[in-house]
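Listed below are the residues making up each chain.
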Amino acid sequence: MRHLNLPDNSAPIDGARRRAPSAERNLEPIAAVLEQHLPKSGRVLELASGTGQHIVALAARFGGLTWQPTDIDPANLESIRAWVAEVGPDNVRPPLHLDACEPGWADTQANWDVICLTNLLHLISATEAETLLTEVARALSPGGLFCLYGPFRRDGALTSDGDKRFDANLRAQDPAIGYKDFEWVEQVLAECGLSPRALHTMPANNLMIVTRRPDQA
Ligand SMILES: C[S@@+](CC[C@H](N)C(=O)[O-])C[C@H]1O[C@@H](n2cnc3c(N)ncnc32)[C@H](O)[C@@H]1O
């Protein structure tokens, strides 16, 4: 597990519960986009759930779905448990330890109707991102949706001074990580067999890429 110094690191609230300012800021725009795509019922796997702020709010808003939080960091699993204990709701499963970059995790995580991922691709290497996307495609049920949110380079360029600073900060900590090209991510998703469904421009230069695993022939 990488220990990165992020400008927007989460901070403790009480006990194990942590809050991340970015998760507060982007929750509503993300929820508004998900509203356009999520099925009324089914199972949602969230990768890299972080503090747990997103999943408790999304589970409350999309109550017909069952939500499975996961993360690589044991402190985040504790925070997720604490958020669920504090605010519910009862359609959130107990959090699982899952390294989304480990080859083969989809062997034990199959048939998800939806997989969500927010703000991880820029914090991992291109090789790790390829593994993650390959496993996501394997873990989806036929017709399942993948909702991917984060910052990306577009046409090889970073789109704002803030993005340039953040990307440089990440690469200084680990030259293998940093913003991925949107066009490269699109290509990897296609190679994994995921079809484009929607592309949403989000606040602060972020994108939400929605793709779908085709139905079985
Ligand atoms: C910037 S935070 C985003 C958290 C949350 N998705 C959000 O948007 O608030 C990145 C998260 O990725 C998790 N993470 C880092 N590497 C991971 C990996 N290989 N597998 C799963 N989670 C990972 C970190 O523990 C952290 O929770």
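Residues numbered from 1 in each chain as written. Predicted model: local features only at pLDDT ≥ 70, side-chain atom pairs only at ≥ 80, totals over all residues.

1. Some details on the overall build of the chain
At step 1: Each helix and strand counted, the chain has six helices and ten strands in total.
At step 2: Scaling as 2.2 N^0.38, a compact globule of 217 residues should have a C-alpha radius of gyration of about 17 Å, and the chain matches this with 16 Å.
At step 3: Restricting to contacts in the chain with at least 6 residues of sequence separation, those with at least 24 account for 73%. (Helix = DSSP H or I, 4+ residues; strand = E, 2+ residues; numbered from the N terminus. Rg over C-alpha atoms; globule rule 2.2 N^0.38 Å. Contact = placed C-beta atoms within 7 Å.)

2. Here's the deal with helix α3 (residues 74-87)
At step 1: Taking 1.5 Å per residue, 14 residues should reach 20 Å; α3 reaches 20 Å between its end C-alpha atoms and fits that length.
At step 2: By the burial criterion, the buried members of α3 are N76, L77, S79, I80, W83 and V84. The arc enclosing the buried residues of α3, seen along the axis, measures out at 160 degrees, which places them on a common side. The outward face of α3, more than 90 degrees from its buried face, is lined by the exposed residues P74 and A85. (Expected span 1.5 Å × (residues − 1). Buried ≥ 20, exposed ≤ 12 C-beta atoms within 10 Å, placed from the backbone. Arc of directions from axis to C-beta.)

3. Details of the nonpolar core
At step 1: If you look at the biggest cluster of nonpolar residues, it comprises 50 residues, and the most contacted ones within it are L47, V114, I115, V136, F146 and C147.
At step 2: The leading source of residues in this core is strand β7 (residues 140-153), at seven residues. (Core = buried A, V, L, I, M, F, W, Y, C linked by C-beta atoms within 7 Å.)

4. Quick look at the environment of G144
At step 1: Looking at the secondary structure, you find G144 in strand β7.
At step 2: A sequence separation of 50 residues divides G144 from P94, and the C-alpha atoms of the two residues are 22 Å apart.

5. Considerations on the pairing of strand β10 (residues 206-212)
At step 1: Across the seven residues of β10, five count as buried, placing the element largely inside the fold.
At step 2: Bridging between β7 and β10 involves seven bridges; their strand directions are antiparallel. Across the sheet, L148 pairs through a bridge with I209, a residue of β10.
At step 3: When strand β9 (residues 195-201) meets β10, the two strands line up antiparallel, connected through six bridges. What sits directly across from P196, in β10, is T211.
At step 4: What sits between β9 and β10 in their antiparallel hairpin is a turn of four residues, with A204 showing a positive phi close to 55 degrees. (Pairing = 2+ DSSP bridges.)

6. Quick notes on the packing of helix α1 (residues 21-34) against helix α2 (residues 53-61)
At step 1: With their axes 10 Å apart at the nearest point, α1 and α2 run at an angle of 35 degrees to one another. The chirality of how α1 crosses α2 is right-handed. Contacts from A23, E24, L27, A31 and L34 of α1 reach α2 at Q53, H54, A57, L58 and R61.
At step 2: Of the residues contributing to the contact of α1 with α2, the split by class is six nonpolar, two polar and two charged. (Axes fitted to C-alpha atoms, helices over the stretch in contact; angles between N-to-C directions. Left-handed = near helix turned anticlockwise from the far one by under 90°. Nonpolar A, V, L, I, M, F, W, Y, C, P; charged D, E, K, R; others polar.)

7. Points about the packing of α2 against α3
At step 1: Look at α2 against α3: their axes get within 9 Å of each other, and the N-to-C directions meet at 35 degrees. The way α2 lies across α3 gives a crossing that is right-handed. Residues Q53, I55 and V56 of α2 form the contact with α3, whose participating residues are I80, W83, V84 and V87.

8. Considerations on the pairing of strand β6 (residues 112-118)
At step 1: Most of β6 sits inside the fold, with six of its seven residues counted as buried.
At step 2: Both strand β3 (residues 42-47) and β6 contribute to a ladder of four bridges, which runs parallel. Within β6, the residue paired with E46 across the bridge is C116.
At step 3: Relative to β7, β6 runs parallel, the two being bridged by six bridges. The partner of W112 across the bridge, within β7, is L140.
At step 4: Taken together, β6, helix α4 (residues 126-139) and β7 constitute a β-α-β crossover, and its handedness is right-handed. (Right-handed = clockwise from strand over helix to strand, strands pointing away.)

9. Description of α4
At step 1: With 14 residues, α4 should reach 20 Å at 1.5 Å per residue; the first-to-last C-alpha distance of 20 Å fits that figure.
At step 2: Along α4, the positions that sit buried rather than exposed are E128, A129, L132, L133, E135, V136, A137 and A139.
At step 3: Residues of α4 that are buried in the fold lie against β3, β6, β7, β8 (180-181) and α6 (182-191).

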